[in-house]
Every structure is written in C-alpha cells, then in structure tokens.
Amino acid sequence: MEGYHRSVLLKEAVDALVVRDGRWYLDLTVGDAGHSIEIIKRGGKVVGIDVDPQVLKRVQRRFKDLGITEDKYKLILGNFRDLKNLVSQTELRQKFAGAIFDLGVSSLQLESPERGFSFGKSGPLDMRMDPSLNVEASDLVNSLTRKELYELFSKMGEEKYSWAVAGALVLAREVSPITNTLELAGIVERVVGGRRRKISAGKISAGKHPATRVFQALRIAVNDELNALKEGLSNSLDLIEKDGRIAVISFHSLEDRIVKNTFKTWEIAGVGQVLTKKPIVPNDAEAAENPKSRSAKMRVFKKL
Ligand SMILES: C[S@@+](CC[C@H](N)C(=O)[O-])C[C@H]1O[C@@H](n2cnc3c(N)ncnc32)[C@H](O)[C@@H]1O
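Participant: So what about the overall build of the protein chain? Which residues, and what values?
Facilitator: Across its full length, the protein chain carries 13 helices and seven strands. A compact globule built from 304 residues would reach a C-alpha radius of gyration of about 19 Å, and the protein chain, at 20 Å, matches this within 12%. Sequence separation of at least 24 residues holds for 67% of the intrachain contacts in the protein chain that already meet a minimum separation of 6.

Participant: Give me the environment of Ala285: which residues, what numbers.
Facilitator: Locating Ala285 in the fold gives a position in helix H13 (residues 284-289). Take Ala285: there are 8 C-beta atoms within 10 Å of it, and that puts it in the exposed class.

Participant: Lay out the sheet that holds strand E3 (residues 73-77) with the relevant residues and their values.
Facilitator: Adjacent strands of a sheet form backbone hydrogen bonds with each other and so pair up, either parallel or antiparallel. The strand order across the open sheet formed by seven strands is E3-E2-E1-E4-E5-E7-E6, and the pairing between neighbours is mixed. Edge positions in the sheet fall to E3 and strand E6 (272-274), since each of these pairs with one other strand and no more. The average undirected angle you get between the axes of adjacent strands in this sheet is 15°. Sitting on the sheet, helix H11 (residues 225-239) is in contact with strand E1 (24-27), strand E4 (96-102), strand E5 (240-250) and strand E7 (297-303), with an inclination near 155° to E5.

Participant: Lay out the site of the ligand in plain terms, naming residues and giving numbers.
Facilitator: Taken together, 22 residues lie near the ligand, and Ser7, Thr29, Gly31, Asp32 and Gly34 sit nearest. Counting only elements with at least two residues in the shell around the ligand, the list comes to helix H2 (34-41) and strand E2 (45-50). When its residues are assigned to classes, the shell around the ligand shows eight nonpolar, nine polar and five charged.

Participant: Give me the domain arrangement of the protein chain: which residues, what numbers.
Facilitator: The domain architecture assigned to the protein chain consists of domain 1 (10-108 + 225-303) and domain 2 (115-223). The C-alpha-based centres of domain 1 and domain 2 are spaced at 29 Å. Contacts between the two partners involve ten residues from domain 1, matched on the other side by eight residues from domain 2. At the level of secondary structure, the elements contributing two or more residues to the side of domain 1 that touches domain 2 comprise H11 and helix H12 (253-268). Sorting elements by how many residues they give to the side of domain 1 that touches domain 2 places H11 first, with three residues. Taken together, the residues that form the side of domain 1 that touches domain 2 break down as five nonpolar, three polar and two charged.

Participant: Could you give an account of the environment of Glu267, with specific residues and numbers?
Facilitator: By the element assignment, Glu267 lies in helix H12. Sequence separation between Glu267 and Thr145 is 122 residues, and the spatial gap between their C-alpha atoms is 41 Å. Excluding residues within four positions of it along the chain, Glu267 makes contact with Gly272, Gln273 and Val274.

Participant: I'd like a rundown of helix H7 (residues 146-157), residues and numbers included.
Facilitator: Compared with an ideal rise of 1.5 Å per residue, which puts twelve residues at 16 Å, H7 spans 15 Å between its outermost C-alpha atoms and is within 8% of the ideal. Taken together, the buried positions of H7 are Leu149, Tyr150, Leu152, Phe153, Met156 and Gly157. Contacts made by the buried residues of H7 are with helix H8 (162-175), helix H10 (212-223) and H12. Of the residues flanking the end of H7, it is Glu158, one or two places downstream, whose phi is positive at about 50°.

Participant: An account of the packing of H11 against H12 is requested, with residue identities and associated values reported.
Facilitator: Contact pair H11 / H12: the axes reach a minimum separation of 10 Å and the direction vectors enclose 30°. Judged on the interaxial angle alone, H12 and H11 are roughly parallel. With respect to the hand of their crossing, H11 and H12 are arranged in right-handed fashion. The segment H11 lies against H12, with Leu226, Leu229, Lys230, Leu233 and Leu237 engaging Leu254, Glu255, Ile258, Thr262 and Trp266. Classifying every residue of the contact of H11 with H12 by side-chain character gives seven nonpolar, one polar and two charged.

Calculation notes
Residues numbered from 1 in each chain as written. Predicted model: local features only at pLDDT ≥ 70, side-chain atom pairs only at ≥ 80, totals over all residues. Helix = DSSP H or I, 4+ residues; strand = E, 2+ residues; numbered from the N terminus. Rg over C-alpha atoms; globule rule 2.2 N^0.38 Å. Contact = placed C-beta atoms within 7 Å. Buried ≥ 20, exposed ≤ 12 C-beta atoms within 10 Å, placed from the backbone. Pairing = 2+ DSSP bridges. Axes fitted to C-alpha atoms, helices over the stretch in contact; angles between N-to-C directions. Near = placed C-beta within 6 Å. Nonpolar A, V, L, I, M, F, W, Y, C, P; charged D, E, K, R; others polar. Domains from an automatic or database assignment. Expected span 1.5 Å × (residues − 1). Parallel < 35°, antiparallel > 145°, perpendicular 65-115°, else oblique. Left-handed = near helix turned anticlockwise from the far one by under 90°.

Written out as structure tokens, the structure is:
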C-alpha cells in the first residue's frame, strides 16, 4: 500500500481552527485524516466525512492503529453537500466549534490506477470519488458533442486549447471509444503539448502535464465539485457556533473563487469576518517537500 496522503497546510489549517479541548469539529474531507488527527492531538473531537467508502475504511484502520478511541471521532460516508442530513445521523445535537474542507482527491485515490484520476497511470477513465455515481469520465468524453467538450474544458479546466482538444477527441472516438487514462492523456498531449511548446520555446508551463487541465475539468464535472462546494459551504455555516471558524484549502482558481466570493458575501451579510484578506499558501519548505501543495490556497472565515 502507498503511504498516507501528505496533508497540506497542516499546521496552518489546524492553528486557524483554534482547537478547544473536548469540542467537536467537522472534517468534511477526511481523506487519510491528517487534519483530523492533528485536531484530536490538540484536544478536539472530529466528525469526519468522506464520499469515498475505500477512504473511510482506511481511516478507520488508521485511527485504530494510532490508538485513537471512538469517543474522539465519528466517521460518516457521504457527500458534504448533504452535510445537514449526514450530521443528523449522529446523536450530536450541539453546533460545531469549527470546520475544515481540504478539497480535491487524496493520494490514495490519485495513485490507484483503477480509479482513473491520474494521467500518468493506465486505468479506466472513471474519476468518480463516489463509486455509486452513474456517470464516469469516459461517458462524458465519448458522448458530449465537440461544442460541449469545448465548453467543459474551457469552463472547468480553463484550458486555452479546448476547441482543438475537443476536435481531436471527437475524431479519435470515431475509430474506437476513449476509455483509458493514458489514451486520453496522449491525445491531449499531442494537441496541447505541441502548441504550448511552440509558444514557450520548449517550456511547458511550470512543470504541469499538458493534460492537467482536461483531467481537472472532467473530474470536476463527474463529481459536480463546484456545486457540491457551494452547498457544502452554505450548510457548514449553519452548523458552526459563534466564534467558530471555517477553513477551506483549495487547489485551483475555480474553487478558490467560490470560497472567496462566498466568504465575502457572508461578511457583507454580517454573519462573520474573513480572517484571510489574502489566502494562506504553503511556505517554501512545504512547497519544496511536497510539490502537490504548490497550488494550495487556504481561506478562513470566523462566524460572529
Ligand atoms: C485532499 S483529500 C483530504 C486529505 C486529508 N485532509 C488528509 O490530511 O489526509 C480530499 C478528500 O475529500 C474527499 N471529498 C472530495 N469531495 C468531497 C465531497 N463533496 N464530499 C465528501 N468528501 C469529499 C475525497 O474523497 C478525498 O478523500
């Protein structure tokens, strides 16, 4: 088995929650529970939610291995967009002292080829975090029109060469359906890689694989990530007590924009205060040690 997910902005995020002894916190993207474990170490208790059943099983084991007793945590399978329903399944009736969202996928998901998240490993074009969802990435790639693919890659991936990529995919699937991650990555690379190379004379932007944006767009669409984030944020605000904080770590500009605008709207409505005028980002040491953290941005809101 691969090692555990390396938590991003671990200290900064848990510091931002100002953990109080014996109080309950929401970890809405529990993953490998790095943030949860740190909250528990500092005296808090955690309701950990994840939409992926494999992830939850692994956390359960990790907590047991660490000797964390069940009075310190509750784990719930589900999407944070349904947060209120999920929490009502527990006997906890009080409000929470804080909440953390650490968006995106965990290393376990990214590094499991059969999940289809990685453009670097051969696997089915799946990309569902929640295996009970009906639509996989391959369904989108093989059924959307060129215009729909173009819109998807432009809006959800901010891919500059969306039209060309969409055209290449429509052509390729005429021969046979595109069902494999490497096959998709190869087609995108042939279209995008060449164009970027021409512009930047050999430098593909800052180490990003040419298929990064297309994979991002498909993952967002398959998991309806942006709508889930909007709903999850709004539900979390209602469940947090006065002075409680909500910390959100995001990994691309679409998510960050939603977090920034939501917090701003809340502040204008007088429900609380944005504590991060500028987002908190990993320091040089973290960025060097964990390159995947480099795109992370954290914003924190305090409810009044
Ligand atoms: C980046 S990982 C979290 C890592 C964790 N903070 C740690 O330190 O180990 C994100 C996790 O959130 C889960 N996730 C993403 N979107 C979700 C959603 N809408 N509802 C519930 N879980 C979600 C993923 O399945 C994944 O396990």
